[in-house]
Amino acid sequence: MAPLHTETVDELKRRVEGRVVLPGDQNYDEVRKIWNAMISRRPAVIVQCTRADDVPHAIDWARQTGLEISVRGAGHNIAGNAVCEGGVMIDLSTMTNVRVDAAKRRAYVEPGATLAHFDEAVQSHGLATPVGINSTTGISGLTLGGGFGWLTRKYGMTIDNLVSAELITANGKKILASENENTDLFWAIRGGGGNFGVVTQFEFTLHPVGPQVLTGLIVFPLDQAKRVLRQYRDFVESAPEELSVWVVLRRAPPLPFLPKDVHGKEVVVLAVFYGGDIGEGEKLIAPLRRFGKAHGEHIGVQPYVQWQKAFDPLLTPGARNYWKSHNFKELRDEALDAMIAFAKKIPSPQCEIFIGHIGGAANRVPVDAMAYGHRDARFVMNVHGRWNDAADDATCMAWARAFFDATAPHASAGAYVNFMTEDESHRVVNAYGANYARLARIKREYDPENVFHLNQNIKP
Ligand SMILES: Cc1cc2nc3c(=O)[nH]c(=O)nc-3n(C[C@H](O)[C@H](O)[C@H](O)COP(=O)(O)OP(=O)(O)OC[C@H]3O[C@@H](n4cnc5c(N)ncnc54)[C@H](O)[C@@H]3O)c2cc1C
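Residues numbered from 1 in each chain as written. Predicted model: local features only at pLDDT ≥ 70, side-chain atom pairs only at ≥ 80, totals over all residues. Heavy atoms only, no water.

Caption draft 1: How the structure looks around the pairing of strand β18 (residues 379–387). Here β18 lies mainly inside the structure; 9 of its 9 residues are buried. Burial of β18 is two-sided: the residues F379, M381, V383, G385 and W387 facing one way and the residues V380, N382, H384 and R386 facing the other way are all buried. As defined by bridge partners, strand β16 (residues 320–328) adjoins β18 across 9 bridges and the pair is classed as antiparallel. Residue pairing across strands places Y322 opposite G385, the latter belonging to β18. (Buried < 20%, exposed > 50% of the residue type's maximum accessible area, 1.4 Å probe, protein only. Helix = DSSP H or I, 4+ residues; strand = E, 2+ residues; numbered from the N terminus. Pairing = 2+ DSSP bridges.)

Caption draft 2: Up close: the packing of helix α8 (residues 225–237) against helix α11 (residues 333–344). In the contact formed by α8 and α11, the axes pass within 10 Å of each other and the chain directions differ by 140 degrees. Between α8 and α11, the angle is such that the two are oblique. Judged by the twist between their axes, the crossing of α8 over α11 is right-handed. Along the contact surface, α8 presents A225, K226, L229, R230 and R233, while α11 presents D333, L336, D337 and I340. Across the contact of α8 with α11, the residue classes tally to 4 nonpolar, no polar and 5 charged. (Axes fitted to C-alpha atoms, helices over the stretch in contact; angles between N-to-C directions. Parallel < 35°, antiparallel > 145°, perpendicular 65-115°, else oblique. Left-handed = near helix turned anticlockwise from the far one by under 90°. Contact = heavy atoms within 4.5 Å. Nonpolar A, V, L, I, M, F, W, Y, C, P; charged D, E, K, R; others polar.)

Caption draft 3: Expanded view of the packing of α11 against helix α12 (residues 393–407). Relative orientation of the contacting elements α11 and α12 amounts to 165 degrees, with a least axis distance of 9 Å. Judged by the angle between their axes, α11 and α12 are roughly antiparallel. As α11 packs across α12, the resulting crossing turns out to be right-handed. In contact with A335, A338, M339 and F342 of α11, α12 contributes W399, A402, F403, A406 and T407. Residues belonging to the contact of α11 with α12 are distributed by class as follows: 8 nonpolar, 1 polar and no charged.

Caption draft 4: How the structure looks around the site of the ligand. The environment of the ligand is formed by 34 residues, the closest being G73, G75, N77, F148 and Y416. The backbone of H76 places a nitrogen or oxygen atom 3.1 Å from an oxygen atom of the ligand. Take G138: an N or O atom from its main chain is 3.0 Å from an oxygen atom of the ligand. For the ligand, the protein covers 97% of the area, taking 960 Å² as the surface of the free molecule. Those elements that place two or more of their residues in the shell around the ligand are β3 (69–72), α5 (139–145) and β10 (198–205). With 4 residues, α5 is the largest single contributor of residues to the shell around the ligand. The residue inventory of the shell around the ligand, partitioned by class, reads 17 nonpolar, 16 polar and 1 charged. (Near = heavy atom within 4 Å. Polar contact = N/O pair within 3.5 Å; in protein donor to acceptor, adjacent residues only side chain to side chain. Areas by Shrake-Rupley, 256 points an atom, 1.4 Å probe, with all protein chains shown as cover.)

The structure is reproduced here in structure tokens:
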């Protein structure tokens, strides 16, 4: 990395209100760190923005200096594009304010907010919108790629609830994108990732949710998985949209409601969320218990914000992570059998296969309504390769890849960009399918020089 002239850096420091962090500064290593420990890059400069107006200065300075730009929301993305090697990282992670207008059912969200910031602010008014299932995930990356979670079947993807976004484009202009203004851009950012500019504020529509919801886990032994998964598939066919049941195959963590001798054994877990009337929900979920003879269950009424954090202890930052993902219109026997076969040879205690149950409202939006086009996806399967020791990289990655290949013939076309790893850029065109050509045209209009290329890149 060639050293930067002091005067050049001083000029940047004068222009931004936020901190400029350089290699050698006391907390440089802390600030450049992201969720996935497999990614360790050293930006030449980190601009920790504290206000939207810092962003155009950071972009302009980076372009004048000839340095690459990466953009960090909460730094959760598996591919690690939030951090660059030798360039300028525009770090938005300290801009976490969420303003709620409860009367209008709207939230105005700064780009560094995590799901925890968002959910806490909106739930203090008994409101929510669909976001992901791990509270340390960033709103920014999640929204720009699509976003789904427990509320998706009822209220759609996160992007289906985006009302407007304020962006700074590659030439430093601040613009608003919505259904009424810069409509092409609004179409593109709903799924097209960080390709078109730096979002400095998101506006979402909100819905009454909870605050108490019926949620929890039922844990079966893996040797019952064949019948559990087949019954699961039939059950969710007629489930109401308030109910989402996700599946996880992994080794049992030391959960207090499981007998000690089950800890570390392969299990199949049903993760249940019901957002409607509690009594009705109790009746609806009763059949799940009869899918097999469970090791144990922990189902009850709890605040929505607490459930949103339920998986956080299994998804802490600092581990090595390698993911592979497919969308499914249906869960064929062959796909379920492959899941069971690969769950039997899980290579580390933290690796898991999960099936996110979506569909419902997310399937009622036309494919070309916005950049994200997987409106036929009813399930999103993700294989979380996750481990601590670099010596296990090859084994764990080989397992994830082999599982991905084994289930590929049963998956639908396309991919969810938010689950794609660094080495999957060849999947980008396929990920957008018929919407790619329009995305490339909009990219040419807003970022012809591909200033924002550290992402799942759409070529101008
Ligand atoms: C443990 C875990 C659980 C997850 N669960 C879910 C889930 O339930 N549902 C779901 O849909 N997804 C889920 N995801 C995927 C998640 O949506 C993506 O990782 C998302 O990119 C994270 O957003 P971030 O802001 O934290 O990411 P970052 O790493 O900060 O950013 C990702 C990319 O987005 C772009 N970007 C970020 N902020 C901006 C901005 N303000 N303006 C322009 N571009 C920007 C940049 O290109 C950046 O490289 C999960 C991820 C993890 C690691």
